[in-house]
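Structural overview
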2 protein chains.
Amino acid sequence: MSVNPEVVREVSEFNNYYNSLAELLNRHLADNNLSLSGLRVLVKLREEEDQCTAGKLIANLGIDGGYLSRILKTFETNQLISKRKSTMDGRTWYLQLTPKGRKLLEILEEGSAQQVSQLLEPLGTEQQLALAGAMKTVRHILSDDAKISADDITFRRDLQPGDAGFIMHMHGSLYAKEAGYNLDYEAHICKTFYEFLEAYNSSKDQVFLAMHGNQIIGSIAVLGHSRYATQMRWFLVHPDYRGLGIGQRLLTEAINAAKEKLFQKIYLITTAQQVPATTLFKKNGFRKSGEKHMPMWGLQLTEERYEIDLI
Amino acid sequence: MSVNPEVVREVSEFNNYYNSLAELLNRHLADNNLSLSGLRVLVKLREEEDQCTAGKLIANLGIDGGYLSRILKTFETNQLISKRKSTMDGRTWYLQLTPKGRKLLEILEEGSAQQVSQLLEPLGTEQQLALAGAMKTVRHILSDDAKISADDITFRRDLQPGDAGFIMHMHGSLYAKEAGYNLDYEAHICKTFYEFLEAYNSSKDQVFLAMHGNQIIGSIAVLGHSRYATQMRWFLVHPDYRGLGIGQRLLTEAINAAKEKLFQKIYLITTAQQVPATTLFKKNGFRKSGEKHMPMWGLQLTEERYEIDLI
DNA sequence: TTTTTTAATTGCTTTTGTCAAACAGATTTT
DNA sequence: AAAATCTGTTTGACAAAAGCAATTAAAAAA
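Under an unreviewed UniProt entry, the name given to chain A is MarR family transcriptional regulator with acetyltransferase activity, and the organism recorded is Chitinophaga ginsengisoli.

Take a look at the structure:
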């Protein structure tokens, strides 16, 4: 993949900037006679719990072996870690934090939190949240193991100001990018929201949102259009968050909500081109009840109607 | 300002993570016999151009005086910097980079860029952009001198998929937060967009967007409702970007567009509570042509109508 | 003028980190 | 099975990075 020079510049500048900041944030380490490397070792040991060897630390942290050996020795004499000889290989030792080591880490983290708090103090609530979000993004893009997991996702069932607009935004931009729909599609979505908001009634309508932090990353809704039938709409999961089961979760919630509200059937309109979505619909008991070829959103598409009976 | 513990956690974790990454990114320094402190000194010297003293470096970089003195000495013997005795104070020296020093910095930055490129290589284009954006955000929130300037803002006059939704989102969430409007307001905005998108005609309608990167941070539009009059709508600048003259710029563009399209007047509807906006309208020649007290968006508001004649 | 303060330097020390050699257990080769 | 090789860890020697305290010289204050 080619590299954008603008991006390189920003990353370099960021690195430059962060180097100064890091100095500030790591100042408290010295108070506990710990080097940055020492800290990283302790953190890693806690992470690996019990199955960590010196070699693993060397490989993972990129520390020189000799230096590490000394670090570990002082840790041992200070009773921050304990060693346990491997039964398989007489050369290797399994390293683990002692309660004292754990405690120190906690103290360290407390100190770090204090430094950070001081840094954040002058910022407004929103800026703080924006900062956390941006940092999470950085980490998440750069590190393999900071991948978003399903645990990071929360769900909301109330519609707050700004939500509708954002869902429309997601639909407009993502369908344009992924399926090539034109502006008409967003106009259509806008119309559906207009109709919905005009007649919003929580006893028959239900929106679900998948959130990452305070960012909407997925949506679905069931809208009671008659006594018996409810329409499912706005089913979408942001591409960065696909494959985590969020779509299924939203769909389940929507179906359950429709059942709870005693609707007899759910129907939805989609296009044949939305393969992953239609696959999911079928897997959840929906069946196709109609299709129609027509020009839509600047393309030649096949509009499909799916339905499911809820008893 | 109180500090959100979730944010503290993320910042701490980020710091932890970035410490490892920094090691990687700063590895090339050793190739040039430079410590991180040394680099920071050089960078600072270039920044300050000519008026930098050792004291200033100590204060700004937080380096120990003795250590700095030695760093500077080796820099001088390597002809990376030159000293010039102050005429005001016989104790202080003004430090400046020599061409050789400048050159070294460039080489260093080239090396850094290479490291960064390697890091970015496996990422997709979008991820790279997202990364740069997030880093910029971090820097921008934390550092005083990375404040956004008017130069960073660009303007766009086309409406792309996703834009409408995002403008609605901004209106919904910001007016809720800043003015306490309820969901009805977003429904209203949605209605205005619905009407607009149904009958969009570029010969009479014009949207302007203020952008920061690829993020919409301000908007305005003039919508030709009749042969003679055009309505101004969706005038909003995100709070993080106020005070940079973006509002005025948008307003000017909108008025000019209305003139170009040969409309005779512009009118707009707002509320008396929008003091900064109405002030700007008046300053630009608008006059109040009506007002009406009424309950709106969950509050008791005064709806105001403003007009301006364009000859 | 004397005293105090301030900008920078120097001497001494500790901490941090690197490199190469050594060592001991494990694995492979002969 | 003995020798050779490889691997995980330790040790010794050393260099670089950084901090602390005392010193010097010019400036400012008393």
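1. Side note on the protein's contact with DNA strand C
Neighbouring DNA strand C are 21 residues, the closest being Tyr67 of chain A together with Gly55, Arg70, Lys83 and Arg91 of chain B. Atoms of DNA strand C within 4 Å of the protein belong to the sugar or the phosphate in 60% of instances, the rest to bases. One of the side-chain N or O atoms of Ser69 of chain B is found 3.3 Å from a phosphate oxygen in DNA strand C. Contributing elements (two or more residues each) for the surface near DNA strand C: α5 (65-77) of chain A together with α4 (54-61) and α5 (65-77) of chain B. With 5 residues, the top contributor of residues to the surface near DNA strand C is α5 of chain B. Across the surface near DNA strand C, the residue classes tally to 4 nonpolar, 9 polar and 8 charged.

2. Some thoughts on the protein's contact with DNA strand D
Within the structure, DNA strand D sits among 21 residues, and Gly55, Arg70, Lys83 and Arg91 of chain A together with Tyr67 of chain B are positioned closest to it. Counting only the atoms of DNA strand D within 4 Å of the protein, the fraction contributed by sugar and phosphate is 60%. In this structure, a base oxygen belonging to DNA strand D sits 2.3 Å away from a side-chain N or O atom of Arg91 of chain A. With respect to DNA strand D, the backbone of Gly90 of chain B contributes an N or O atom lying 2.8 Å from a phosphate oxygen. Of all elements in the fold, only α4 (54-61) and α5 of chain A together with α5 of chain B reach the threshold of two or more residues within the surface near DNA strand D. Ranked by residues supplied to the surface near DNA strand D, first place goes to α5 of chain A with 5 residues.

3. Section: the domain arrangement of chain A
Along its sequence, chain A is carved into domain 1 (5-122) and domain 2 (153-309). Inter-centroid distance (C-alpha atoms) of domain 1 of chain A to domain 2 of chain A is 46 Å.

4. Some words on the side chain of Thr53 of chain B
Residues and elements named next belong to chain B. By the secondary structure assignment, Thr53 is in the loop between α3 (36-48) and α4. Under the relative-accessibility criterion, Thr53 is labelled buried at 19%. Those residues in contact with Thr53 that lie beyond four places of it in its chain are Trp93, Tyr94 and Leu95.

5. Things to note about the sheet that holds strand β4 (residues 205-212) of chain A
Adjacent strands of a sheet form backbone hydrogen bonds with each other and so pair up, either parallel or antiparallel. All names here are of chain A. The strand order across the open sheet built from 7 strands is β3-β4-β5-β6-β7-β9-β8, with neighbouring strands paired in mixed fashion. The strands lining the two open edges of the sheet, one partner per strand, are β3 (153-156) and β8 (287-296). Neighbour-to-neighbour, the strand axes of this sheet turn through a mean angle of 20 degrees, independent of strand direction. Summarising the sheet, β4 and strand β5 (residues 215-224) pair through 8 bridges and their orientation is antiparallel. The residue bridging Leu209 from the neighbouring strand is Ser219, located in β5.

6. Observations regarding the interface of chain B and chain A
You'll often see interface size given as the accessible area lost when the parts meet. On the chain A side, the residues contacting the 77 residues of chain B number 76 residues. Of the roughly 7200 Å² buried between chain B and chain A on both sides combined, carbon and sulfur atoms contribute 67%. The tally of links from chain B across to chain A stands at 6 salt bridges. With a shortest N-O distance of 3.1 Å, Arg139 of chain B and Glu13 of chain A are connected by a salt bridge. Connecting chain B to chain A are 25 residue pairs in polar contact (both at pLDDT 80 or more). Secondary structure elements with two or more residues in the side of chain B that touches chain A: α1 (5-25), α3, α6 (99-120), α7 (125-142), α8 (163-179) and α9 (183-198) of chain B. Top element by residues in the side of chain B that touches chain A is α1 of chain B. It accounts for 17 residues. Classifying every residue of the side of chain B that touches chain A by side-chain character gives 42 nonpolar, 23 polar and 12 charged.

7. Looking at helix α3 (residues 36-48) of chain A
Since there are 3.6 residues in each turn of an α-helix, residues three or four apart along the chain are aligned in direction. All names here are of chain A. For α3, with 13 residues, the first-to-last C-alpha span of 18 Å sits near the 18 Å given by 1.5 Å per residue. Within the span of α3, buried status applies to Ser37, Gly38, Leu39, Arg40, Val41, Leu42, Val43, Lys44 and Leu45. Positive phi shows up at Glu49, right after α3, with a value of about 25 degrees.

Reading guide: rules and limits
- Residues numbered from 1 in each chain as written.
- Chains lettered and ligands numbered in written order.
- Predicted model: local features only at pLDDT ≥ 70, side-chain atom pairs only at ≥ 80, totals over all residues.
- Heavy atoms only, no water.
- Near = heavy atom within 4 Å.
- Polar contact = N/O pair within 3.5 Å; in protein donor to acceptor, adjacent residues only side chain to side chain.
- Helix = DSSP H or I, 4+ residues; strand = E, 2+ residues; numbered from the N terminus.
- Nonpolar A, V, L, I, M, F, W, Y, C, P; charged D, E, K, R; others polar.
- Domains from an automatic or database assignment.
- Buried < 20%, exposed > 50% of the residue type's maximum accessible area, 1.4 Å probe, protein only.
- Contact = heavy atoms within 4.5 Å.
- Pairing = 2+ DSSP bridges.
- Axes fitted to C-alpha atoms, helices over the stretch in contact; angles between N-to-C directions.
- Buried area = accessible area lost by both parts, 1.4 Å probe.
- Salt bridge = Lys/Arg side-chain N within 4 Å of Asp/Glu carboxyl O.
- Expected span 1.5 Å × (residues − 1).

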